[in-house]
Each structure stands twice: as C-alpha cells, then as structure tokens.
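Okay, here's what each chain looks like letter by letter:
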Amino acid sequence: MVYTPSALSLSNALRADTGFADTQPISGRHHHRVRDTIRTRMYDISWLRPDGTTQTHRQSAPATPAFEAAFSAFAHGALVSTSTGPVAVEDLRPGMRLVTNERGPSPLLWIGSMTLLPNDDNSDPSQPKLTRVMADAFGMGRPMPDFLAGPGARLMQRSAGFSEQTLRPVHEFVDGINVISVRPPSPVRLYHLGLHRHATINVAGLSAETYHPGPGFDSVMNHETLLQFMSFFPHMRRPTDFGGLAHPRQALMKSSRNRDFA
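Residues numbered from 1 in each chain as written. Predicted model: local features only at pLDDT ≥ 70, side-chain atom pairs only at ≥ 80, totals over all residues. Heavy atoms only, no water.

1. Quick look at the overall build of the protein chain
The secondary structure content of the protein chain amounts to four helices and 18 strands. Considering the protein chain as a whole, with its 262 residues, one finds that 48% of them fall into the buried category. Contacts in the protein chain between residues at least 24 apart in sequence constitute 64% of all its contacts with a sequence separation of at least 6. Split by element, the accessible area of the protein chain, about 12700 Å² in all, is 53% carbon and sulfur. (Helix = DSSP H or I, 4+ residues; strand = E, 2+ residues; numbered from the N terminus. Buried < 20%, exposed > 50% of the residue type's maximum accessible area, 1.4 Å probe, protein only. Contact = heavy atoms within 4.5 Å. Areas by Shrake-Rupley, 256 points an atom, 1.4 Å probe, with all protein chains shown as cover.)

The following block contains the structure:
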C-alpha cells in the first residue's frame, strides 16, 4: 500500500521533506554570492547498476538538511535485517536483500554515507546531532543492542487513537533516560539505505524507514540544486522514480523560525 497525500498534506509535505519550501530560485551574481557562503561536505554513494555490478562515487555538495537527510539515518554498527540475517550497516552492499515490513525481501539499490564531525555546525544548534536508543527501550529486544541514529532517521509508531502508523523522527522519542541526545566526541560514520520503493526495515529490532526525499521535492528546488541532488541517485532516471511514501511521516526537524526540514 502506498500512502498518497491529499492536496493539503502534499503542500505540507513539500515543506517537511525538503527544507527549500520558502526558498526562491536564485540567479545572477546574487546567486553566486549566496552559493559561496553555503557550507559543504563530502558524501559517498554506492549503487547497483542494471548489469548487477556495484559502483561507488564521492563528491562534495551543500551541507543543508535536504542533502544531509539522505546520508544520516544509521550510525556505524547498526544491525540491519537481511534475508541471510542481521548485518552491520557498514557491511551492507548493493544487491543484498533487506527484509521489509511491506514487501518481504527487497534488493538494496543504494547506500549513502557521510562522516559527522564533533565540530559540525547544524542549521539549528538546539537540534540533536545523534540519538542513542538504549537496549529494550521500547520492549524486549527493541532495540537490541543499543541503537545509535543520526538526524535523518525516522521510526515507525502507532499513535493512540489512530489505526494508521506514522514515521516519526527518532529524536522526538528523546526522554533523557531510555532515549538520549548525544554529541559525537569523535567522527561518526552515518548511512542511509535506498530500495526500489520506500519501505520500513528492521534495524536493531526497530522499524525504520528507507530513504525517500519526500513527495514533490523536485518542485521546490531550483534547477541547479535539483541536478546536483539527483546526481547522487544515478539509479534513478527522474524524480518521480522515487515513487510514493509507504506511510505518512512527520518532518525531521523544525528551525527556530518554525520552518520544516526534510
């Protein structure tokens, strides 16, 4: 089942899933001045080619929420359920089959990763960098062992009074006891995973989402930004190839001005 948002929720999703909703395309000299002030970082991708081979690539791009959300869900060591058993996220390779809650085993098509440094500056310093979920925080084996997530992670939650499950940013579960915010004392490698269609997978005993940039993300990026963004997904020919969301979800974070990001 694919979650199809209404016109109103689509409008909200555009703001929630990109971080560019209030940004107009910038051109001319002003565009170059703004671009020069944007902080960048290195991103790594590995993807499955149509002939079954794997290719990797590294390139620099803006360190903005829309880009970082694609590379920052699961920290090094997170155990992901595959058709052959749990595998640490850093040991996954394109072509391996991940166990999804919606469609059973599904081939892993894309892996994105980046390194989070202790002195990295966030667009909103009050937002957590990493979230540690203690073992058994949500019940026996949920998670097992401790689960360290990045700012791009969402977990499945069934809200009281609602039959439909919602994907909720992991940092919103922080209670200071079983789920805590942490700042990395040393560099931490973060990953995100992409399948043919958006889905939820088992990570350390928790249901987490695979990567999806959000419905209509391309309509709120200027042309240059969109080309750069899509260059990180060579297995996709066009923005619509991401398909729809498997479940409704909440924005990853809000800035101090109440703008939604990713």
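2. Considering the side chain of E209
Within the secondary structure, E209 sits in strand β16 (residues 206-209). At 2.7 Å, the side chain of E209 and the side chain of H198 are in polar contact. Polar contacts involving the side chain of E209 include one to the side chain of R249, which spans 2.9 Å. Residues within four places of E209 in sequence aside, it is in contact with F74, R154, L167, H192, H198, A199, T200 and R249. (Polar contact = N/O pair within 3.5 Å; in protein donor to acceptor, adjacent residues only side chain to side chain.)

3. Quick notes on the environment of L48
Relative to the assigned elements, L48 resides in strand β1 (residues 40-48). For the pair L48 and W110, spaced 62 residues apart in sequence, the C-alpha to C-alpha distance is 6.6 Å. Those residues in contact with L48 that lie beyond four places of it in its chain are T53, T54, P94, G95, L108, L109 and H235.

4. Here we look at the nonpolar core
Where a protein is soluble and globular, its nonpolar side chains tend to be buried together. Counting 28 residues, the largest nonpolar core has F74, L92, F147 and L193 as its most contacted members. Contributing elements (two or more residues each) for this core: β10 (147-149), β14 (188-194), β15 (200-203) and β16. By size, the runner-up hydrophobic cluster in this structure holds 27 residues, among which are W110, V188, L190 and F233. (Core = buried A, V, L, I, M, F, W, Y, C linked by side-chain atoms within 4.5 Å.)

No statement about biological role is implied by the geometric values presented.
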